[in-house]
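Fold and geometry: a report
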Amino acid sequence: SQKIEQNSEALNIQEGKTATLTCNYTNYSPAYLQWYRQDPGRGPVFLLLIRENEKEKRKERLKVTFDTTLKQSLFHITASQPADSATYLCALGKGNKLVFGAGTILRVKS
Amino acid sequence: GAVVSQHPSWVICKSGTSVKIECRSLDFQATTMFWYRQFPKQSLMLMATSNEGSKATYEQGVEKDKFLINHASLTLSTLTVTSAHPEDSSFYICSASTGVGAKNIQYFGAGTRLSVL
């Protein structure tokens, strides 16, 4: 069955630095990949989508890359702020179905 | 825009009773609604996919008689946990989508925390 791996340990960075989160997967060929943000006790919020034939997508301070050969996506937040502290989920998509990773906790310290 | 409302946000019930959770898309009509379950520090696990007016499609291992899904309109889906037991205690989240395939951006509700005593 498909397996999605995100950093299980929290990522702690200093305000202003770039945060890089990793999503690796096996036994799956997604047509697209999405990143969501989830705050404690809340539902996820959509951030970015990248298709299998795209290498990179940007939105304001966010950037996502997608390497279907390595089966990996990297999610970057530049000029990070304490308000960016949250859990970030990657989700692999095929058809209408999304398969989520367990998420990485990001803590941005001022 | 794209707001999904989920109620209740928290419910405590006795073992053996049934609990209904509502999911509404407030400012758009959803092609598809999804129901997930999430355990602490774990990923969202898809339980079922529902389209308005048709039967829900359940994921493998999810008991359809226990988790009843009704998708009455393009803006409302309900999940009923029947004869709830303590092992059903979890965080249930719904989402709604207007697109298909790569346009399947899901808008999530705030979730319902169910505690079965």
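From a predicted model like this one, the values you see are computed outputs, not experimental measurements.

Of note, the bond from B:His7 into B:Pro8 is cis; its omega dihedral lies within 30 degrees of zero at -5°. Among the secondary structure elements, B:Pro8 is positioned in the loop between β1 (4–7) and β2 (10–13). Unlike most non-glycine residues, A:Glu60 shows phi in positive territory, near 55°. Its place among the elements puts A:Glu60 in the loop between β6 (56–59) and β7 (62–67). Even without glycine at this site, B:Lys41 takes up a positive phi of about 60°. Relative to the assigned elements, B:Lys41 resides in the loop between β4 (32–38) and β5 (44–51). The exposed category is assigned to B:Lys41, whose relative accessible area is 83%.

All names here are of chain B. Pairing is antiparallel across the open sheet formed by 4 strands, whose spatial order is β1-β3-β8-β7. Of all the strands in the sheet, just β1 and β7 (67–73) have a single pairing partner and so form its edges. On average, each strand axis in the sheet is tilted by 15° relative to the strand beside it, whichever way the strands run. Pairing geometry for β7 and strand β8 (residues 76–81), over 5 bridges, is antiparallel. The residue bridging Ser 73 from the neighbouring strand is Leu 76, located in β8.

Okay, a nonpolar patch on the surface next. A surface patch of nonpolar side chains, amounting to about 390 Å² of accessible area, comprises B:Trp10, B:Ile12 and B:Leu117. Along the chain, the position of B:Trp10 falls in strand β2.

A word on the pairing of β7(A). Regular strands show a simple pattern: their side chains alternate between the two faces of the sheet. All names here are of chain A. Of the pairings in the sheet, the one linking β6 to β7 comprises 4 bridges and is antiparallel in character. In the strand pairing of β7, Lys 59 is matched with Leu 62. Between β6 and β7, which pair antiparallel one after the other, the connecting turn spans 2 residues, and Glu 60 there sits at a positive phi close to 55°. Bridging between β7 and strand β8 (residues 72–77) involves 6 bridges; their strand directions are antiparallel. Looking across to β8, one finds that Leu 62 is bridged to Ile 77.

Residue and element names in this part refer to chain B. Here strand β11 (residues 112–116) shows a clear split, with Thr 112, Leu 114 and Val 116 buried on one side and none of Arg 113 and Ser 115 buried on the other. As paired strands, β2 and β11 are joined by 4 bridges and run parallel to one another. Looking at the pairing, Ile 12 lines up with Ser 115 of β11. Both strand β9 (residues 90–97) and β11 contribute to a ladder of 3 bridges, which runs antiparallel. Note on β11: the bridge partner recorded for Ser 90 is Leu 114.

Below, the discussion takes up the state of the cysteines. Applying the stated criterion to the full structure yields 2 disulfides over all chains. Across the disulfide, A:Cys23 is cross-linked to A:Cys90 (sulfur-sulfur distance 2.0 Å). Since a negative S-S torsion denotes a left-handed disulfide, the A:Cys23-A:Cys90 link at about 60° is right-handed. In this pair, A:Cys23 is assigned in strand β3 (residues 19–26) and A:Cys90 in strand β9 (residues 86–94), connecting sequence segments 67 residues apart. On the accessibility criterion, A:Cys23 (0% relative accessible area) is buried. In this model B:Cys23 forms its disulfide with B:Cys94; the gap between the sulfur atoms is 2.0 Å. Here the S-S torsion is close to 80°, and the disulfide linking B:Cys23 with B:Cys94 is therefore right-handed. Residue B:Cys23 is found in strand β3 (residues 19–25), and its partner B:Cys94 is found in strand β9; the two are separated by 71 residues along the sequence. In this structure B:Cys23 comes out as buried when scored by relative accessible area, which is 0%. Judged by relative accessible area, which is 0%, B:Cys94 ranks as buried. Unpaired in this structure, B:Cys13 has its nearest cysteine sulfur neighbour in B:Cys94, at a distance of 18 Å.

Rules behind the numbers
- Residues numbered from 1 in each chain as written.
- Chains lettered and ligands numbered in written order.
- Predicted model: local features only at pLDDT ≥ 70, side-chain atom pairs only at ≥ 80, totals over all residues.
- Heavy atoms only, no water.
- Helix = DSSP H or I, 4+ residues; strand = E, 2+ residues; numbered from the N terminus.
- Buried < 20%, exposed > 50% of the residue type's maximum accessible area, 1.4 Å probe, protein only.
- Pairing = 2+ DSSP bridges.
- Axes fitted to C-alpha atoms, helices over the stretch in contact; angles between N-to-C directions.
- Patch = residues over 30% accessible without salt bridge, like charges linked within 9 Å, V, L, I, M, F, W, Y side chains within 5 Å.
- Areas by Shrake-Rupley, 256 points an atom, 1.4 Å probe, with all protein chains shown as cover.
- Salt bridge = Lys/Arg side-chain N within 4 Å of Asp/Glu carboxyl O.
- Disulfide = S-S within 2.5 Å.

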